[in-house]
Amino acid sequence: MAKFLALMILLSFWGSFISGQKPGLDAPYRIHTLFSVECQNYFDWQTVGFMHSFKKAQQPGPVTRLLSCTKEEKKNYKGMDLAPTLEVPSMSKHPKTGDWYLVGCDNILAKLHTKHPELCNKVGGLLAMHIDDLRVLAPLWLSKTEEVREDRAHWATNITGDIYGKGWISEMYGYSFGAAEAGLRHKINDDLMIYPGYTPRPGVEPILLHYGLPFSVGNWSFSKLDHHEDGIVYECGRFFPEPPYPREVKLMESDPNKRRGLFLSIECINTMNEGLLLQHARNGCPKPKWSKYLSFLKSKTFAELTQPKLLTPHRIQTEVAEEGKEINEAIRQYPKIHTLFSTECTPYFDWQTVGFMHSFHLSGQSGNITRLLSCTDEDLKEYKGHDLAPTHYVPSMSLHPLTGDWYPAINKPAAVVHWLNHVNIDAEYIVILDADMILRGPITPWEFKAARGRPVSTPYEYLIGCDNELAKLHTRHPEACDKVGGVIIMHIDDLREFALLWLLKTEEVRADKAHYATNITGDIYQSGWISEMYGYSFGAAELKLRHHISSEILIYPGYVPEPGVNYRVFHYGLEFKVGNWSFDKANWREVDLVNRCWATFPDPPDPSTLEQADENLLQRDLLSIECVKTLNEALRLHHKRRNCPDPTTLSDPKLDTIKDVTSSRKFGRFAGNDDMRSNPVPRNHSQESSLPKVADRLFSTLRFWIILLWVFSGLGFMLVMLVVFSGYKGKGSSKGKSNKNRRRSYTGFLKMNIGDRQTRKSEVSL
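Looking at an unreviewed UniProt entry, one finds the protein chain named Peptidyl serine alpha-galactosyltransferase-like isoform X2 and attributed to Durio zibethinus. Per UniProt, the protein chain carries the Subcellular location (unreviewed entry) text "Membrane".

Take a look at the structure:
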């Protein structure tokens with residue numbers, strides 16, 4: 001929606017691009033959206049408007065801002081958190097020519113700059129392109145831009161169409177000439193984008209607004225150039241001048257198409273102001289005073305006016321450039337998806353949630369997501385992580401209400417049952433994942449062939465109970481028992497029939513302690529801990545739900561990947577290592593990484609240090625590094641959103657974490673025999689760390705001052721007692737009775753306080 005929409009690229013097939021999603025329509029391809037900006041206030045307010053409209057339009061897939069900055073600009077730049085960003089060196093001032101160039105076939109210019117002038121398409125603004133085509137085009141795009149920019153002899157308006165004759169549109173020609181060189185012919189659709197102020201054609205619903213030119217509605221007008229130095233993003237309560245209201249626009253114009261054009265103009269600026277309102281809130285600005293305009297932006301009327309737009313209902317009319325003829329491409333209907341993951345009210349699940357949600361947003365997974373949060377009432381009173389994910393709250397089943405069995409894993413099927421019975425669900429397929437997962441790409445029913453009666457899952461070969469007496473005991477159809485788990489893609493109708501069986505079979509297997517043995521269950525701990533997994537397989541067998549089993553969805557970090565497989569999920573449920581570095585989630589069970597500013601995991605090794613001789617081992621280690629780097633990046637962004645102080649201004653940002661832990665130990669909040677509860681650094685982390693040394697120094701210093709305080713207290717007490725006794729000496733026995741009463745009172749006071757301290761000590765130990 002900003003000027004830099006001219007550089008927006010969708011890395012996919014054209015037929016998949018739609019700006020808005022309606023129920024039942026999801027993207028059939030993996031899409032990534034790019035836009036290009038610079039480190040300036042001018043681009044920051046455009047970024048806020050673009051990102052808000054991106055989310056509002058429900059564009060599928062992730063988005064990346066390409067941020068071009070000089071080192072000097074970067075020093076004072078404030079907008080790093082406005083969008084997912086890739087920083088690139090600024091080329092505004094050309095490193096070779098010192099020229100400022102930026103951003104067009106029928107004449108000598110095309111003949112000079114491409115060997116295929118007949119292929120030159122006059123296109124721009126929106127580009128939707130396959131990734132393989134982009135890899136070929138990108139270097140040609142850059143080199144042709146430089147070439148046209150240097151051709152000052154042909155900058156004239158009658159040759160380039162540039163009214164300024166300054167070569168300002170060299171980048172546009174660079175694109176067209178580069179595409180011609182690569183043999184790329186475009187499907188040209190002039191229904192997609194409109195400049196606010198223009199009148200749309202009858203029956204056409206544009207999906208992109210490019211406000212590169214001034215526009216007006218009645219006496220109100222807007223020009224982006226008027227806001228070239230505007231720091232409106234960082235000034236609380238400031239918005240662009242409010243345009244006329246819809247009811248006022250209706251009275252301005254009787255022609256329905258022209259009136260629609262006016263509505264598009266006010267939609268453009270209102271959407272940007274809505275984005276600014278939300279950004280100011282994220283910046284920590286106070287809530288703005290009520291106004292009629294802000295009330296309108298929050299109204300149902302505005303929400304209805306700015307709903308996501310589709311191209312043309314059911315069909316897209318496109319023009320093939322080389323033939324000039326129109327073709328019809330049907331938009332394929334894809335089922336709606338909803339993703340679930342199950343957690344509890346603990347710091348352990350909170351840092352997993354932060355990592356999961358970060359990866360979900362990057363993965364391009366379509367549809368909504370819900371965290372199933374299982375908590376006791378007491379847990380909820382103290383819980384701080386309500387805002388970490390869209391959440392459905394579920395009563396905890398960790399301690400079974402009937403049997404008293406402590407088994408937190410049962411919360412997963414119990415939470416799914418609760419969600420199904422308490423939420424209106426409009427999705428056709430449900431994807432169920434675990435919190436200790438990182439998404440690397442979308443998991444869709446159409447790609448992995450899920451269907452009604454045929455769910456999809458990943459292989460869990462260690463569930464040997466599917467092949468022995470365990471299955472015969474717990475399902476009427478042992479032959480239908482699939483050894484699966486981890487990732488589940490299931491039709492909503494199947495899930496409604498299956499969920500309660502999943503829960504009941506979990507309880508049944510958990511109660512069957514006679515068959516906990518490793519040779520029966522495959523559970524090396526023989527503790528019934530994987531009862532929930534068997535509950536799933538046996539419940540599905542009862543309904544004869546046979547799975548499409550795919551080994552290309554999930555991988556455990558530390559495992560050697562199959563060549564050429566693009567795994568969609570990391571499941572970091574097991575310890576994994578890269579050289580002397582290792583990661584085990586269990587070592588971080590009691591560490592609050594979410595609420596301690598800038599707390600992260602120890603960084604994995606730099607990929608450049610890895611051994612290159614064995615390609616399989618190299619790929620294994622690269623995936624392991626990627627997993628933890630994603631977790632750390634998620635935590636860093638989380639801390640930034642929480643407005644943690646700038647870590648560069650702290651003498652030792654990690655020191656606060658150590659102080660928190662040692663003070664917790666002092667007051668008995670952690671059991672003394674649990675190393676992890678008193679040390680945030682994992683025991684098996686072999687890389688040298690200075691953190692324990694810092695803690696030891698602090699503790700030693702504290703111990704010194706405590707001893708010194710005891711010495712002075714003792715001396716002071718002896719001095720006071722000496723004065724008291726010397727004062728009492730010789731006063732006779734007349735005061736004896738009074739002194740005896742005082743001694744009795746003091747003794748009672750001591751007993752009472754000693755008793756209180758013993759009581760408090762007992763309470764703290766508990």
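Caption draft 1: Fine view of the overall build of the protein chain. The secondary structure content of the protein chain amounts to 21 helices and 24 strands. The 766 residues of the protein chain split such that 48% are buried.

Caption draft 2: Molecular detail of the pairing of strand E13 (residues 337-344). The element E13 is largely enclosed, with a buried count of 8 among its 8 residues. Residues Ile-337, Thr-339, Phe-341 and Thr-343 of E13 are buried on one face, and the alternating residues His-338, Leu-340, Ser-342 and Glu-344, pointing to the opposite face, are buried as well. One ladder, built from 7 bridges, connects E13 with strand E14 (residues 368-375); its direction is parallel. Paired with Phe-341 across the bridge in E14 is Arg-371. For the segment spanning E13, helix H11 (residues 347-363) and E14, crossover handedness is right-handed.

Caption draft 3: Representation of the sheet that holds strand E15 (residues 391-395) within the structure. What the 7 strands build is an open sheet, ordered E15-E14-E13-E16-E19-E18-E20; its pairing is mixed. Two strands bound the open sheet, and with one partner strand each, they are E15 and strand E20 (548-549). Where strand E16 (residues 429-434) lies against strand E19 (residues 484-491), 4 bridges are found, and the strand directions are antiparallel. Each bridged residue has a counterpart across the sheet, and for Ile-432 the counterpart in E19 is Ile-488. Strands in contact with H11 are E13, E14 and E16; relative to E13, the strand with the most contacts, it is inclined by about 160 degrees.

Caption draft 4: Main features of the side chain of Thr-444. Within the secondary structure, Thr-444 sits in the loop between strand E17 (437-439) and strand E18 (456-459). By relative accessible area, which is 4% here, Thr-444 ends up buried. Those residues within four positions of Thr-444 in sequence are excluded, and the remaining contacts are Ile-337 and Ile-489.

Caption draft 5: Highlighting the sheet that holds E17. The strand order across the open sheet built from 3 strands is E17-E22-E21, with neighbouring strands paired in mixed fashion. In this open sheet, the two edge strands, each paired with only one partner strand, are E17 and strand E21 (554-555). Of the pairings in the sheet, the one linking E17 to strand E22 (residues 569-571) comprises 3 bridges and is antiparallel in character. Its bridge partner lying in E22, Ile-438 is registered against Phe-570.

Caption draft 6: Spotlight on the packing of aromatic side chains. Taken as a whole and assessed by the stated rule, the structure comprises 35 aromatic pairs. Centroid distance Trp-45 to Phe-240: 5.0 Å. Interplanar angle 70 degrees. Geometry classified as edge-to-face. Here the two residues Trp-45 and Phe-240 agree in accessibility, since each one is buried. The ring of Tyr-348 has Arg-589 sitting right over it, with the charged end atom 4.2 Å from the ring centre.

Caption draft 7: Up close: the confidence of the model for the protein chain. Taken as a whole, the protein chain shows an average pLDDT of 80; of its residues, 75% reach a score of 70 or greater. When the criterion is pLDDT under 50, residues 1-25 qualifies, and its contacts beyond four places in sequence or with other chains add up to 117 contacts. Here residues 95-100 is modelled with pLDDT under 50, and outside its nearest four sequence neighbours on either side it reaches 11 contacts, counting other chains as well.

Caption draft 8: Geometry of the nonpolar core. Core analysis: the largest hydrophobic core is formed by 72 residues, its most contacted members being Trp-351, Phe-583 and Phe-601. A per-element tally of this core places helix H18 (residues 615-641) first, with 8 residues. Here this core spans two domains, since at least three of its residues come from each of domain 3 (337-552) and domain 4 (569-642). In this structure Phe-601 touches Trp-351, Phe-583, Trp-588, Leu-593, Val-628, Leu-631, Asn-632 and Leu-635, once residues within four positions along its chain are discounted. Counting residues in each nonpolar core, the second largest holds 42 residues, with Phe-54, Cys-69, Ile-266 and Leu-297 among its members.

Caption draft 9: The arrangement of helix H15 (residues 492-511) in detail. Between the first and last C-alpha of H15 there are 29 Å, a value that for 20 residues agrees with the 28 Å anticipated at 1.5 Å per step. At Phe-498, H15 is deflected by roughly 40 degrees, the largest bend along its length. Every buried residue of H15 is accounted for by Ile-492, Asp-494, Leu-495, Phe-498, Ala-499, Trp-502, Leu-503, Lys-505, Thr-506, Val-509 and Arg-510. Check the buried side of H15 and you find it contacts helix H13 (411-422), E16, helix H14 (469-474), E19 and helix H17 (531-542).

Caption draft 10: Helix H4 (residues 131-150), seen in detail. Between its first and last C-alpha atoms H4 spans 29 Å; for 20 residues at 1.5 Å apiece the expected length is 28 Å, and the two agree. Regarding H4, the residues found buried are Leu-134, Leu-137, Trp-141, Lys-144, Thr-145, Val-148 and Arg-149.

Caption draft 11: Focus on the packing of H4 against helix H6 (residues 170-181). Close contact between H4 and H6 brings their axes to 7 Å; oriented N to C, the two are set at 130 degrees. One element, H4, and the other, H6, form an angle in the oblique class. In this structure, H4 crosses over H6, and the sense of that crossing is right-handed. Residues Leu-137, Leu-140, Trp-141, Lys-144, Thr-145, Val-148 and Arg-149 of H4 form the contact with H6, whose participating residues are Ser-170, Glu-171, Tyr-173, Gly-174, Tyr-175, Phe-177, Gly-178, Ala-179 and Glu-181.

Caption draft 12: Inspection of the pattern of salt bridges at higher detail. Under the criterion given, the structure shown has 24 salt bridges. In this structure, the salt-bridge partner of Lys-336 is Asp-426, at a minimum N-O distance of 2.9 Å. Linking Lys-336 in the loop between strand E12 (325-330) and E13 with Asp-426 in the loop between H13 and E16, this pair joins segments that are 90 residues apart in sequence. Residue classification places Asp-426 among the partly exposed positions, given a relative accessible area of 48%. Between Asp-405 and Arg-510 there is a salt bridge, and its shortest N-O distance comes to 2.7 Å. Placement of Asp-405 in the loop between E15 and H13 and of Arg-510 in helix H15 is noted, with a sequence separation of 105 residues between them. Several salt bridges share partner residues, and in doing so they unite Arg-452, Asp-493, Asp-494 and Glu-497 into one network.

Caption draft 13: Broad picture of the environment of Leu-140. Inspection of the secondary structure puts Leu-140 in helix H4. Residue contacts for Leu-140: discarding those within four places in its chain leaves Gly-174, Gly-178, Glu-181 and Ala-182.

Caption draft 14: Here's a closer look at unusual backbone geometry. In this structure, Gln-58 is a non-glycine residue whose phi angle is positive, near 60 degrees. Here Gln-58 is to be found in the loop between helix H1 (41-56) and strand E3 (63-69). A positive phi angle is found at Lys-449, which is not glycine, with a value near 65 degrees. On the accessibility criterion, Lys-449 (54% relative accessible area) is exposed.

Caption draft 15: Expanded view of the state of the cysteines. Considering all chains together, one arrives at 5 disulfides under this definition. Between Cys-466 and Cys-481 runs a disulfide, and the two sulfur atoms are separated by 1.9 Å. Its S-S torsion of about -45 degrees marks the bond between Cys-466 and Cys-481 as left-handed, since a negative value means left-handed. Residue Cys-466 is located in the loop between E18 and H14, and its partner Cys-481 is located in the loop between H14 and E19; the two are separated by 15 residues in the primary sequence. When its relative accessible area of 6% is taken as the criterion, Cys-466 is described as buried.

The rules we used
- Residues numbered from 1 in each chain as written.
- Predicted model: local features only at pLDDT ≥ 70, side-chain atom pairs only at ≥ 80, totals over all residues.
- Heavy atoms only, no water.
- UniProt positions renumbered as here; feature names shortened; annotations may be inferred.
- Helix = DSSP H or I, 4+ residues; strand = E, 2+ residues; numbered from the N terminus.
- Buried < 20%, exposed > 50% of the residue type's maximum accessible area, 1.4 Å probe, protein only.
- Pairing = 2+ DSSP bridges.
- Right-handed = clockwise from strand over helix to strand, strands pointing away.
- Contact = heavy atoms within 4.5 Å.
- Axes fitted to C-alpha atoms, helices over the stretch in contact; angles between N-to-C directions.
- Phe/Tyr/Trp six-rings, centres within 6.5 Å; stacked < 30°, edge-to-face > 60°.
- Lys NZ or Arg CZ within 6 Å of the ring centre and 35° of its normal.
- pLDDT = per-residue confidence, 0-100.
- Core = buried A, V, L, I, M, F, W, Y, C linked by side-chain atoms within 4.5 Å.
- Domains from an automatic or database assignment.
- Expected span 1.5 Å × (residues − 1).
- Bend = angle between axes of the 7 residues up to and from the residue.
- Parallel < 35°, antiparallel > 145°, perpendicular 65-115°, else oblique.
- Left-handed = near helix turned anticlockwise from the far one by under 90°.
- Salt bridge = Lys/Arg side-chain N within 4 Å of Asp/Glu carboxyl O.
- Disulfide = S-S within 2.5 Å.

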